[in-house]
Amino acid sequence: MNITIMGAGYVGLVTGACLSEFGYKITIIDVDKEKVKKINRKESPIYEKDLEEILKKNNIKASVDYKDGITNAEIIFICVGTPTKDDNSQDLTYVKNVCIKMCKYLHKDQIVVVKSSVVPSTTEKIIIPLLEEKSSLIEGKDFHIAVNPEFLKEGSAVKDFMHPDRIIIGYKNNVSKIVLESIYKKFNCPKIFVNPTTAEMIKYASNAFLATKISFINEIGNICKKLGINVYDVADGMGHDKRIGRSFLNAGAGWGGSCFPKDINALISKAKEYNIDPVILESVVKVNEYQPLKIIELLKKHISILKDKKIGILGGAFKPETDDIRESRTIPLIKALLKEKAIIKLYDPKAIKNFKKLFPNIKYCSVDEVIKSDAIIIMTKWKEFEKLNYKSKIVIDGRKIDKAIKESKIYEGVCW
Ligand code: UGA
């Protein structure tokens, strides 16, 4: 079977690479010539565990040519990004552009699968009408649509693809249902068949729920801190209840990344479009915005005037094992420290290049240099931070590093 993937971002690359493991012939289309060249040289344009090995051994071709990619495809996966607009609603420019460009070559009996995260009703209300208008073909008669959201975590995306908890397939008629069922026939997990809008909502509700779990435990942690309780003991105790579960109850500096913030904001914006007041979702964001500021409050307990004080920050990536800094909680932390006129020294094993673009004027230092600061703030749970010497240091910890708890002269966990 020939499968074409639109978009060589991390979802497209991982989807293409993993499907190639099942013997499908994969073509990845992207406008970025450099990415295309890299993939054809069997190099991964992004760092993602195990991805390059799969690219190296399988039959994957990348191209900028829509004609070739679409004409020969039996199935087309749309995997381009859906960023956030200034008003927090979803920006569908890339999805729309891809649809318009591919329509020229779309032909009878092809299946178009929406894998990009799009807010509920987008496929029905925007994608299908656009494809029909620009191709003069009719969905359900000439071509078929499916929605198949991804649940990949950066850093473990290949593993998540190969061993999913569930596969969600939104379909409109049996043709796309049968084809998608057959693509995923070797996956031994529940497959849930729903309509396209429900499939879209499952993705958004899942991300919103995970972000809610984190903000919830952070709020409980903020209360725990005042009462002298370790919120991690509370999370362990709660987690044994199968209805709750222990995962995503790690309290700390808050959630970031390319998905939770954009998805939750897009869902809030969608709710408002329908005059629903998304009380819980807005509170989830509010708690998350407060956590980095809370770190400053804790710091000021020990150094009341931050002006000209050297503040070392350990960690810039939004989570370990990535160089991704999108919506990292370190960003609002640095902004708040800059307002206080502190001297900021940042160390991260992977994300410095990205931070330099955002904050060219702060100091980027070796870990040894950062640790010599007047106070240290830990923002990413990198394993190497468990090996540092925190003796005689003031540490404000946003990620619960055990060695810092044991050794620091003054230690403050953000909510424990
Ligand atoms: C997230 C979801 O976990 C994936 O299921 C989803 O497919 C993906 O978004 C997406 O929509 O594409 P990801 O953004 O890669 O994946 O990162 P996570 O591992 O979920 O972490 C998100 C943030 O939450 C990080 O900043 C992390 O530090 C924070 N976090 C996570 C906590 O603060 N506490 C926790 O217990 C877990």
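Residues numbered from 1 in each chain as written. Predicted model: local features only at pLDDT ≥ 70, side-chain atom pairs only at ≥ 80, totals over all residues. Heavy atoms only, no water.

1. Things to note about helix α2 (residues 33–40)
For step 1, the next point in the chain: Here α2 starts with a cap whose side-chain oxygen sits 3.0 Å from the backbone nitrogen of Glu-34, and that cap is Asp-32.
For step 2, the next point in the chain: Positive backbone phi, at 70°, marks Lys-42, one or two positions downstream of α2. (Polar contact = N/O pair within 3.5 Å; in protein donor to acceptor, adjacent residues only side chain to side chain. Helix = DSSP H or I, 4+ residues; strand = E, 2+ residues; numbered from the N terminus.)

2. Examining unusual backbone geometry
For step 1, the next point in the chain: Non-glycine residue Asp-109 carries a positive phi angle of around 70°.
For step 2, the next point in the chain: As for its position among the elements, Asp-109 is in the loop between α5 (93–103) and β5 (111–114).
For step 3, the next point in the chain: For Asp-109, a relative accessible area of 56% corresponds to the exposed category.
For step 4, the next point in the chain: The residue Asn-275 is not glycine, and still its phi comes out positive at about 60°.
For step 5, the next point in the chain: In this structure, Asn-275 sits in the loop between α11 (260–273) and α12 (279–302).
For step 6, the next point in the chain: Of the residues examined, Asn-275 reaches a relative accessible area of 74% and is grouped as exposed. (Buried < 20%, exposed > 50% of the residue type's maximum accessible area, 1.4 Å probe, protein only.)

3. Concerning the side chain of Ser-121
For step 1, the next point in the chain: With respect to the helices and strands, Ser-121 occurs in the loop between β5 and α6 (122–135).
For step 2, the next point in the chain: Given a relative accessible area of 11%, Ser-121 falls into the buried group.
For step 3, the next point in the chain: Dropping the residues within four chain positions of it, Ser-121 is found in contact with Ile-126, Thr-197, Glu-200 and Lys-270. (Contact = heavy atoms within 4.5 Å.)

4. Section: helix α13 (residues 330–339)
For step 1, the next point in the chain: Listed as buried for α13 are Thr-330, Ile-331, Leu-333, Ile-334, Ala-336 and Leu-337.
For step 2, the next point in the chain: Of the surrounding secondary structure, the elements contacted by the buried residues of α13 are α12, β9 (310–314), β10 (343–347), α14 (352–358) and β12 (375–378).

5. A short note on the domain arrangement of the chain
For step 1, the next point in the chain: Parsing the chain into structural domains produces domain 1 (2–194) and domain 2 (206–413).
For step 2, the next point in the chain: A separation of 33 Å is found between the C-alpha centroids of domain 1 and domain 2.
For step 3, the next point in the chain: Each partner contributes to the interface: domain 1 provides 17 residues, whereas domain 2 provides 19 residues.
For step 4, the next point in the chain: With both chains or domains summed, domain 1 and domain 2 bury close to 1300 Å², and 49% of this area falls on carbon and sulfur atoms.
For step 5, the next point in the chain: Three residues, Tyr-47, Asn-88 and Glu-154, lead the burial of domain 1 against domain 2; their summed loss comes to 38% of the area buried on that side.
For step 6, the next point in the chain: Here domain 1 is connected to domain 2 by one salt bridge.
For step 7, the next point in the chain: Note that Arg-326 is salt-bridged to Glu-154, the shortest N-O span being 3.9 Å.
For step 8, the next point in the chain: At the boundary of domain 1 and domain 2, one finds six residue pairs in polar contact (both at pLDDT 80 or more). (Domains from an automatic or database assignment. Buried area = accessible area lost by both parts, 1.4 Å probe. Salt bridge = Lys/Arg side-chain N within 4 Å of Asp/Glu carboxyl O.)

6. Description of the site of the ligand
For step 1, the next point in the chain: The local shell around the ligand holds 21 residues, among which Glu-150, Glu-154, Lys-203, Asn-207 and Phe-318 are the closest.
For step 2, the next point in the chain: A distance of 3.5 Å separates an oxygen atom of the ligand from a polar atom in the side chain of Tyr-10.
For step 3, the next point in the chain: One of the backbone N or O atoms of Gly-256 is found 3.0 Å from an oxygen atom in the ligand.
For step 4, the next point in the chain: Summarising the interface, the protein chains cover 92% of the accessible area of the ligand, which totals 710 Å² for the free molecule.
For step 5, the next point in the chain: Sorting the residues of the shell around the ligand by element identifies α9 (196–227) and α11 as the ones contributing at least two each.
For step 6, the next point in the chain: Top element by residues in the shell around the ligand is α9. It accounts for three residues.
For step 7, the next point in the chain: The residue inventory of the shell around the ligand, partitioned by class, reads 10 nonpolar, four polar and seven charged.
For step 8, the next point in the chain: When residues are assigned to domains, the shell around the ligand turns out to be shared by domain 1 (2–194) and domain 2 (206–413), each giving three or more. (Near = heavy atom within 4 Å. Areas by Shrake-Rupley, 256 points an atom, 1.4 Å probe, with all protein chains shown as cover. Nonpolar A, V, L, I, M, F, W, Y, C, P; charged D, E, K, R; others polar.)

7. Brief notes about the state of the cysteines
For step 1, the next point in the chain: For the structure shown, the criterion picks out zero disulfides.
For step 2, the next point in the chain: The structure places no disulfide on Cys-189, whose sulfur is separated from the nearest cysteine sulfur, that of Cys-18, by 13 Å. (Disulfide = S-S within 2.5 Å.)

8. Overview of the side chain of Thr-122
For step 1, the next point in the chain: Tracing the sequence through the fold places Thr-122 in helix α6.
For step 2, the next point in the chain: The exposure class assigned to Thr-122 is buried, which follows from its relative accessible area of 3%.
For step 3, the next point in the chain: Non-local contacts of Thr-122, meaning those with residues more than four positions away in its chain, are made with Gln-90, Leu-92, Ile-127 and Glu-200.

9. Concerning the packing of α9 against helix α10 (residues 231–239)
The relative placement of two packed helices is expressed as an angle between their axes plus a distance between the axes.
For step 1, the next point in the chain: Remark: α9 packs on α10, axes separated minimally by 9 Å, with the N-to-C direction vectors making an angle of 130°. Taken as axis vectors, α9 and α10 run oblique relative to one another. Both α9 and α10 take part in a crossing whose hand is right-handed. In this structure, α9 contributes Phe-216, Ile-217, Ile-220, Gly-221 and Cys-224 to the contact, and α10 contributes Val-231, Val-234, Ala-235 and Met-238.
For step 2, the next point in the chain: Tallied by class, the residues present in the contact of α9 with α10 amount to eight nonpolar, one polar and no charged. (Axes fitted to C-alpha atoms, helices over the stretch in contact; angles between N-to-C directions. Parallel < 35°, antiparallel > 145°, perpendicular 65-115°, else oblique. Left-handed = near helix turned anticlockwise from the far one by under 90°.)

10. Examining the sheet that holds β5
For step 1, the next point in the chain: Pairing is mixed across the open sheet formed by eight strands, whose spatial order is β3-β2-β1-β4-β5-β6-β7-β8. Of all strands in the sheet, those bounded by a partner on one side alone are β3 (60–63) and β8 (191–194). Recorded for the sheet is a direction-independent mean angle of 25° between the axes of neighbouring strands.
For step 2, the next point in the chain: Here two bridges tie strand β6 (residues 144–147) to strand β7 (residues 167–171), and the two strands are oriented antiparallel to one another. Note on β7: the bridge partner recorded for Ala-146 is Tyr-171. (Pairing = 2+ DSSP bridges.)

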